[in-house]
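# What the coordinates show
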Amino acid sequence: GSFSEEKYQRLIRQQGRLPAEFEYETRRMLQTEQLLNGLSQTAFVTREEVDRAYRLQEQKRDFTYLVISSEAFKANVDISDEQIQQYYGQHSDKFVTPERVRLAYLRLTGEVLSENIQVDEEELLAYYEEKKESLLTQEQRQASHILIQHAAGADKETVNAAKAEAEDLLKKIRDGADFAELARQHSDDPGSAEQGGDLGFFARGAMVPEFDKTVFSMEVGEISEPVHTQFGFHIIKLTDLRAADIPELEQVREDLTAELKQRGVSDLFYDQFEQLSDVSYENPESLDAAADALGLEVQTSDWLTATGGPGIGEYPKVVAIAFSDDVLEAGNNSEPIEVGDNDAIVVRVAERQAAQATPMDAVREQIVEELVQQQAVEQARSRGEELLEQLKQGSSMEELDKQDYITSHKAEGVTRRASADHNAEVVRAVFKLGRPDDGAVIDKGFELENGDYAVVRLTGVSDADPASIAEATRSQLERGLENIRRSVVISTMTEELRARADIVIPEESE
């Protein structure tokens, strides 16, 4: 509930930054957000644009297609030793074991440091006194209500009828009727009606203002006059209250002790982080001095490449620094690398292996597999192109569907959305085709990602009718189009600023 200059300064120091730098960056961030929000929040789409988008989004297409499986051609592919040798020579860069290193490293973590942090009773009591004000719980009240609802903006007659019904129920309650039973029978609030109108405990400000003001002016057991809010008329009964309270020390001892230990860990980590940085830098040829100074153990990683590896190789920052000139080529210790909260690592190269060619025998099976796949794909494509030409010359899909390696499909009224009944890749390609003239068709062939070949005949396109859009769907589509437009506005502005600016990227930062 209050600003702590000491805590602020400590947090900034832990990040290795200066307050002025942090405040400048925060100011710039807020200015940037103001500009971006000013542009993005003014994006809008017209009703005609929504209609046009709906026509396309829900458009349906009729087509038939064949899929020529490349897998079926593999049995007929023979690969010679000469082809294997040629492929290995042409793709020698593919068959290289990349340079790799094994790292020696020290890891400083808050988890280890916490074992050395002890919180005494005097310190805990002082912290409890310091935190008392923030530990104060708000007063909470429990109430039940009966809601007689009317629509927002209802006419006077409807409002008066709802009020009269509420007043009639209130009279029955005052005459001895059971509040909870009347709530179950008459309340228009489905969330509480089944519980006899019970809303549970809530703090000040949790309800709409008129309701809130009434509840927090009542005595336990009191029943209010009908209270008018935006939802209708409420009859409110205050059933219980919990006064504002400061918990006893024993109730919060565990939490406060954990907070104090964490504060101590952060302070100790910052001090030891600085020491780790200094000793590692002053003794660049070994981690032993830093290990002795901080009581840490020098550990060794698995083999790592420039793309990472297991263990500490999963941290991109560690890998980047391990393969930097200062660490890899000069053989120095790295600077401490922060990989998490109160978690830092210093590395040096313990062992290094240069990139080397993989012997052909070791990759022979892989080469054969790739060559078989290539030739099978080529044969499937060649066969597909033959069938496509036959289709264009007047053959029907039924006439072409005669080989075991062909699967035919008939698709009617298909939308852009992926369907389990049809190949999603084929559907996407069909929706990229133009619109055939009346009575005409469009024939097209293309290779699929898995190497199969598809031949498609598009026979019909029908747009959706915007008059059939439900209002909820229209609103959702409109929001989606506005979000797209916001992205376009921001990216356009960014591209224009980039084009107009003189940008220099220092070579060492690339």
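Provided above is the structure to which this section pertains.
First, a word on scope: everything that follows refers to the structure included in this document. (Residues numbered from 1 in each chain as written. Predicted model: local features only at pLDDT ≥ 70, side-chain atom pairs only at ≥ 80, totals over all residues. Heavy atoms only, no water.)

### As for the sheet that holds strand S7 (residues 232–242)
Across the sheet, four strands lie side by side as S5-S4-S7-S6; this open sheet has antiparallel pairing. A single partner strand is all that each edge strand has here, and the edge strands are strand S5 (198–203) and strand S6 (227–229). Within this sheet the neighbouring strands show an average axis-to-axis angle of 45°, counted without direction. The pairing of S6 with S7 spans three bridges and is classified as antiparallel. When the bridges of S7 are listed, Thr229 appears paired with Gly232. (Pairing = 2+ DSSP bridges. Helix = DSSP H or I, 4+ residues; strand = E, 2+ residues; numbered from the N terminus. Axes fitted to C-alpha atoms, helices over the stretch in contact; angles between N-to-C directions.)

### Some details on the nonpolar core
Grouped together as the largest cluster of nonpolar side chains are 17 residues, with contacts concentrated most on Phe63, Val426, Phe446 and Val456. Contributions of two or more residues to this core are made by strand S1 (60–68), strand S12 (406–414), helix H17 (424–430) and strand S14 (453–462). Those residues within four positions of Val456 in sequence are excluded, and the remaining contacts are Phe63, Thr64, Tyr65, Leu391, Met397, Val426, Val430, Ile442, Asp443, Lys444 and Phe446. (Core = buried A, V, L, I, M, F, W, Y, C linked by side-chain atoms within 4.5 Å. Buried < 20%, exposed > 50% of the residue type's maximum accessible area, 1.4 Å probe, protein only. Contact = heavy atoms within 4.5 Å.)

### Things to note about the side chain of Ser40
Relative to the helices and strands, Ser40 resides in helix H2 (residues 19–40). Assessed through its relative accessible area of 9%, Ser40 is described here as buried. The contacts of Ser40, once residues within four sequence positions are left out, are Arg486 and Ile490.

### Comments concerning the packing of aromatic side chains
Scanning the model with the defined rule gives seven aromatic pairs in all. For the pair Phe3 and Tyr8, a centre-to-centre distance of 5.6 Å together with 50° between the ring planes defines the contact as tilted. Phe3 sits in the exposed class, given a relative accessible area of 61%. Taking the relative accessible area as the measure of exposure, Tyr8 reaches 16% and is therefore buried. Residues Tyr88 and Phe95 carry aromatic rings whose centres are separated by 5.7 Å and whose planes lie at 20° to one another, so their mutual orientation is stacked. In this structure, Tyr88 and Phe95 share a single accessibility class: buried. (Phe/Tyr/Trp six-rings, centres within 6.5 Å; stacked < 30°, edge-to-face > 60°.)

### Some thoughts on the sheet that holds strand S13 (residues 442–447)
Read from one edge to the other, the open sheet built from four strands follows the order S12-S1-S14-S13, with strand pairing classed as antiparallel. Strands at the two margins of the open sheet, each flanked by one partner only, are S12 and S13. Across the sheet, the axes of successive neighbouring strands diverge by a mean angle of 20°, strand direction being ignored. Helix H15 (residues 360–392) rests against S1, S12, S13 and S14 of the sheet, and its axis sits at about 40° to S14.

### Quick word on helix H7 (residues 156–174)
The end-to-end C-alpha distance of H7, which contains 19 residues, comes to 27 Å, matching closely the 27 Å that a straight helix rising 1.5 Å per residue would cover. Tucked inside the fold, the buried residues of H7 contact strand S4 (140–149), helix H8 (179–186), S6 and S7. Directly after H7, the chain includes Gly176, whose backbone phi takes a positive value near 115°. (Expected span 1.5 Å × (residues − 1).)

### Describing H8
For H8, the set of buried residues is Phe179, Leu182 and Ala183. Mapping the buried residues of H8 onto a view down its axis gives an arc of 105°, with all of them on the same face. Packing partners of the buried residues in H8 comprise S4, H7, helix H9 (190–193) and S7. Between the side-chain oxygen of the N-cap and the backbone nitrogen of Ala180 there are 3.4 Å, and the N-cap of H8 in question is Asp178. (Arc of directions from axis to C-beta. Polar contact = N/O pair within 3.5 Å; in protein donor to acceptor, adjacent residues only side chain to side chain.)

### Digging into the environment of Ala411
Here Ala411 lies in strand S12. Separated by eleven residues in sequence, Ala411 and His422 have C-alpha atoms that sit 7.6 Å apart. In this structure, Ala411 is in contact with Arg61, Asp62, Phe63 and His422, ignoring residues within four places of it in sequence.

### Thoughts on the environment of Leu18
With respect to the secondary-structure elements, Leu18 resides in the loop between helix H1 (5–14) and H2. By relative accessible area, Leu18 is classed as exposed at 58%. Taking C-alpha positions, Leu18 is 27 Å from Val327, a pair spaced 309 residues apart along the chain.

### Points about unusual backbone geometry
Of note, Asn342 is a non-glycine position whose phi angle comes to about 50°, a positive value. Looking at where Asn342 falls in the secondary structure, it is placed in the loop between strand S9 (337–340) and strand S10 (343–353).

### Here's the deal with a negative patch on the surface
A contiguous patch of negative charge on the surface is contributed by Asp271, Glu274, Asp278 and Glu282. Mapped onto the elements of the fold, Asp278 is located in helix H11 (residues 249–282). According to the relative accessible area criterion, Asp278 is partly exposed, its value standing at 41%. (Patch = residues over 30% accessible without salt bridge, like charges linked within 9 Å, V, L, I, M, F, W, Y side chains within 5 Å. Areas by Shrake-Rupley, 256 points an atom, 1.4 Å probe, with all protein chains shown as cover. Salt bridge = Lys/Arg side-chain N within 4 Å of Asp/Glu carboxyl O. Lys, Arg positive; Asp, Glu negative; His and termini not counted. Charge placed at Lys NZ, Arg CZ, Asp CG, Glu CD.)

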